[in-house]
Amino acid sequence: MSSKILPGPGESTSEQNLRHLPSVDRLLGSSALSSLADALGRPLVKRAVQRALSQARDHAPKDGQTPSEQALISMASGFAREDAASRMRPVINLTGTVIHTNLGRALLAEEAIVSVSQAMRGYSALEFDVASGERGDRDDVIEGLICQLTGAEAATVVNNCAAAVLLSLVALGGRKEVIISRGEQIEIGGAFRMPDIMRAANCRLVEVGTTNRTHLHDYASAITPKSALIVKAHRSNYAVTGFTSEVGDAELAALAKRSGVLYMVDLGSGALVDMSAWGLPREPLPSDSLSKGADVVMFSGDKLLGGPQAGIIVGSRAAITRIKRHPLKRTLRVSKLVLAALEATLRVYDSGHRLHERLPVLAMLTRSRDAIRESCMRVGTALANYAGPEFELSIEDCASQIGSGALPEEKLPSAAVVLRPRLVSRRSGSLLKQTLTRFRSLPTPVVGRINDQAILFDCRCLSIADEALLLGQLRDAQPPGIAGGQQDRPA
Ligand SMILES: *Cc1c(COP(=O)(O)O)cnc(C)c1O
């Protein structure tokens, strides 16, 4: 980095060359870099120039060559663009998974987008009672709506469903015994493990039943004067099938009531409306558990609900009050941006009007195979051309996933652009991987998957806008072999 250029008669030629590297100011004065500095900011471009020069110094002693001024300029602009580019880049999701945790889960309704922009730009009545001019509670913004939609007495919102579980356990079961079935010791992707959360919440975990079967008497005989909670966790990302038995909400709620403990349900995804109305599988609703007597139910904001990341807790006024009063509530509260997005999303539900068009998650989940196939036909050739002549194009039926643990067994009938290597050889596996990598290195990365020795681009989540973007960038990337493109294949 700080390679000083030593004077002296014993200098090698490469050291002499280094003295001829252009100065930072000279490079910054070039027309390419000065216009880049106008666009990206001079400090950032200057740092990129310094990095290019230091790289040239580090490499020159080895290969005895110093790059030309032009090469330094293009190296520096590469670094500058790289530094200025957002890491959370938009991507085109052709995985077929609608609620894809790694790709940001739910896309939000236009109403929510507008509402978030307003909240960012101006002041809002976040914790302010406009009528009285006095301080309010930020939960007031959405509590009424959530209660209206779920039939709950009271509600509160925290950072995500994991936080909702943690906070409820601490507030309702801290330092007490918490009873849960062995078959529901769930782990959700990203290190959410029920036993660990219980430990972190300072609860004494009491496991009952067996992995496949748990009966009411298992719960009943586990209750002691130290018990505080019976917990049920929705098996979101797996299914237990075969010789199984679990106890339903109504029985557990009644047992809890009889025994003087509370009954809590972690629904995870939790839909707000019965999706079988659109021919989709039915996911349990918070109102189901509440109407059967659950004291608290929690679910995510950014799974099936189709809103921002949040954890919504609904339940009896007594239980929600204890949760809201716990000191940890303040550490887990949501921002005004989240509240703005959540309120707008809930208002779409509350209107009951054209939900499957206004909520993108629902729109994508209800997209017909025919519509998806048409989308595949519009982009298939362009995708195949970019993949190259080693691949054969076909449009095939496939199954897409809801994602994020909602209904893990359920697959939605879909269609995909399938690119299959013409020749199957030992090299096919790496050809598939390399080609997917090339798709991800497009300006707006395209994410697909490999299935059965072929590349699959499921077009369920390809919006009309993304379709245009995709076709545009594939057109610009053609023909292969033009400089600037990613060249990892022989021409
Ligand atoms: C997804 C899920 C969670 C975690 O929800 P986040 O909103 O991601 O924190 C907790 N419990 C269940 C059952 C889930 O499916």
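Residues numbered from 1 in each chain as written. Predicted model: local features only at pLDDT ≥ 70, side-chain atom pairs only at ≥ 80, totals over all residues. Heavy atoms only, no water.

## A look at the site of the ligand
Okay, so step 1: Every one of the 13 residues lining the ligand counts as a neighbour, but Ala-162, Ser-236, Asp-266, Ser-300 and Lys-303 are closest to it.
Okay, so step 2: Here an oxygen atom of the ligand sits 2.9 Å away from a polar atom, N or O, in the side chain of Arg-105.
Okay, so step 3: Contact distances for the ligand include 2.6 Å between an oxygen atom and a side-chain N or O atom of Ser-300.
Okay, so step 4: Computed on the free molecule, the ligand has an accessible area of 380 Å², of which 95% lies beneath the protein chains in the complex.
Okay, so step 5: Elements with a minimum of two residues in the shell around the ligand: helix H8 (161-173) and strand S10 (262-268).
Okay, so step 6: Here the residues of the shell around the ligand are counted per class, giving five nonpolar, five polar and three charged. (Near = heavy atom within 4 Å. Polar contact = N/O pair within 3.5 Å; in protein donor to acceptor, adjacent residues only side chain to side chain. Areas by Shrake-Rupley, 256 points an atom, 1.4 Å probe, with all protein chains shown as cover. Helix = DSSP H or I, 4+ residues; strand = E, 2+ residues; numbered from the N terminus. Nonpolar A, V, L, I, M, F, W, Y, C, P; charged D, E, K, R; others polar.)

## A word on the sheet that holds strand S5 (residues 177-181)
Okay, so step 1: Judged by pairing direction, the sheet is mixed, and its seven strands sit side by side in the order S4-S12-S11-S10-S9-S5-S8 without closing on themselves. Among the strands making up the open sheet, the edge pair consists of strand S4 (154-158) and strand S8 (204-208). The mean angle between the axes of side-by-side strands here comes to 20°, regardless of whether they run parallel or antiparallel.
Okay, so step 2: As paired strands, strand S11 (residues 296-300) and strand S12 (residues 311-315) are joined by five bridges and run antiparallel to one another. Among the inter-strand pairings, Val-296 is bridged to a residue of S12, identified as Gly-315.
Okay, so step 3: The strands touched by helix H11 (residues 249-259) are strand S9 (227-233) and S10; relative to S10, the strand with the most contacts, the crossing angle is about 150°. (Pairing = 2+ DSSP bridges. Axes fitted to C-alpha atoms, helices over the stretch in contact; angles between N-to-C directions. Contact = heavy atoms within 4.5 Å.)

## Some words on helix H19 (residues 428-440)
Okay, so step 1: Counted at 1.5 Å a residue, the expected span for H19 with its 13 residues is 18 Å, and the 18 Å between its end C-alpha atoms agrees.
Okay, so step 2: Residues Ser-428, Leu-431, Leu-432, Thr-435, Leu-436, Arg-438 and Phe-439 constitute the buried set of H19. Taken around the axis of H19, the buried residues stretch over an arc of 155°, which confines them to a single face. (Expected span 1.5 Å × (residues − 1). Buried < 20%, exposed > 50% of the residue type's maximum accessible area, 1.4 Å probe, protein only. Arc of directions from axis to C-beta.)

## Brief notes about the environment of Leu-44
Okay, so step 1: Here Leu-44 lies in helix H4 (residues 42-63).
Okay, so step 2: Each C-alpha atom of the pair Leu-44 and Phe-79 lies 9.4 Å from the other, and the pair is 35 residues apart in sequence.
Okay, so step 3: Leave out the neighbours within four places in its chain, and Leu-44 touches Ala-80, Asp-83 and Ala-84.

## Re the nonpolar core
General note: in soluble globular proteins, nonpolar side chains tend to be found buried as a group.
Okay, so step 1: Counting residues in each nonpolar core, the largest one holds 57 residues, and the members touching the most others are Ile-230 and Val-314.
Okay, so step 2: Counting only domains with at least three residues in this core, you end up with domain 2 (92-99 + 364-476) and domain 3 (110-353).
Okay, so step 3: Sequence-distant contacts of Ile-230, that is, excluding residues within four places in its chain, are made with Ile-179, Tyr-219, Ile-223, Leu-252, Leu-255, Ala-256, Val-261, Leu-262, Tyr-263 and Met-264.
Okay, so step 4: Grouped together as the second largest cluster of nonpolar side chains are 33 residues, Ala-154, Ile-186, Ile-188 and Ile-320 included. (Core = buried A, V, L, I, M, F, W, Y, C linked by side-chain atoms within 4.5 Å. Domains from an automatic or database assignment.)

## Focus on the packing of helix H7 (residues 140-150) against helix H15 (residues 336-351)
Okay, so step 1: Their axes nearest at 10 Å, the elements H7 and H15 cross at an angle of 30°. Put simply, H7 runs roughly parallel to H15. In this structure, the crossing between H7 and H15 has a hand that is left-handed. In contact with Val-141, Ile-142, Leu-145, Ile-146, Gln-148 and Leu-149 of H7, H15 contributes Leu-339, Leu-342, Glu-343, Leu-346, Arg-347, Tyr-349 and Asp-350.
Okay, so step 2: Looking at the contact of H7 with H15 residue by residue, the classes come out as nine nonpolar, one polar and three charged. (Parallel < 35°, antiparallel > 145°, perpendicular 65-115°, else oblique. Left-handed = near helix turned anticlockwise from the far one by under 90°.)

## Some thoughts on the pattern of salt bridges
Okay, so step 1: Per the stated rule, a full pass over the model turns up 28 salt bridges.
Okay, so step 2: Of the charged contacts, one joins Glu-246 and Lys-232 as a salt bridge, the two residues approaching to 2.9 Å between their closest N and O atoms. Highlighted residues: Glu-246 in the loop between S9 and H11 and Lys-232 in strand S9, separated in sequence by 14 residues.
Okay, so step 3: When its relative accessible area of 46% is taken as the criterion, Glu-246 is described as partly exposed. (Salt bridge = Lys/Arg side-chain N within 4 Å of Asp/Glu carboxyl O.)

## Details of the domain arrangement of the protein
Interface extent is often summarised as the accessible area lost during association of the parts.
Okay, so step 1: Here the domain parsing of the protein yields domain 1 (2-84), domain 2 (92-99 + 364-476) and domain 3 (110-353).
Okay, so step 2: The gap between the C-alpha centroids of domain 1 and domain 3 is 56 Å.

## Describing the packing of aromatic side chains
Okay, so step 1: Scanning all chains against the criterion turns up two aromatic pairs.
Okay, so step 2: Taking the centre distance of 5.0 Å and the plane angle of 70° together, the rings of Tyr-386 and Phe-439 count as edge-to-face. In this pair, Tyr-386 is assigned in helix H18 (residues 369-387) and Phe-439 in helix H19, connecting sequence segments 53 residues apart.
Okay, so step 3: Summarising the aromatic geometry, the rings of Phe-439 and Phe-457 are spaced 4.8 Å apart at their centres and angled 65° between planes, so their arrangement reads as edge-to-face. With Phe-439 in helix H19 and Phe-457 in strand S17 (residues 454-458), the pair connects residues that are 18 residues apart, well separated along the chain. This pair shows no difference in class: Phe-439 is buried, exactly as Phe-457 is.
Okay, so step 4: Three or more aromatic residues link up through ring pairs in this structure, and these residues are Tyr-386, Phe-439 and Phe-457.
Okay, so step 5: Lying over the aromatic face of Phe-243, Arg-213 brings its terminal NZ or CZ to 3.7 Å of the ring centre. (Phe/Tyr/Trp six-rings, centres within 6.5 Å; stacked < 30°, edge-to-face > 60°. Lys NZ or Arg CZ within 6 Å of the ring centre and 35° of its normal.)

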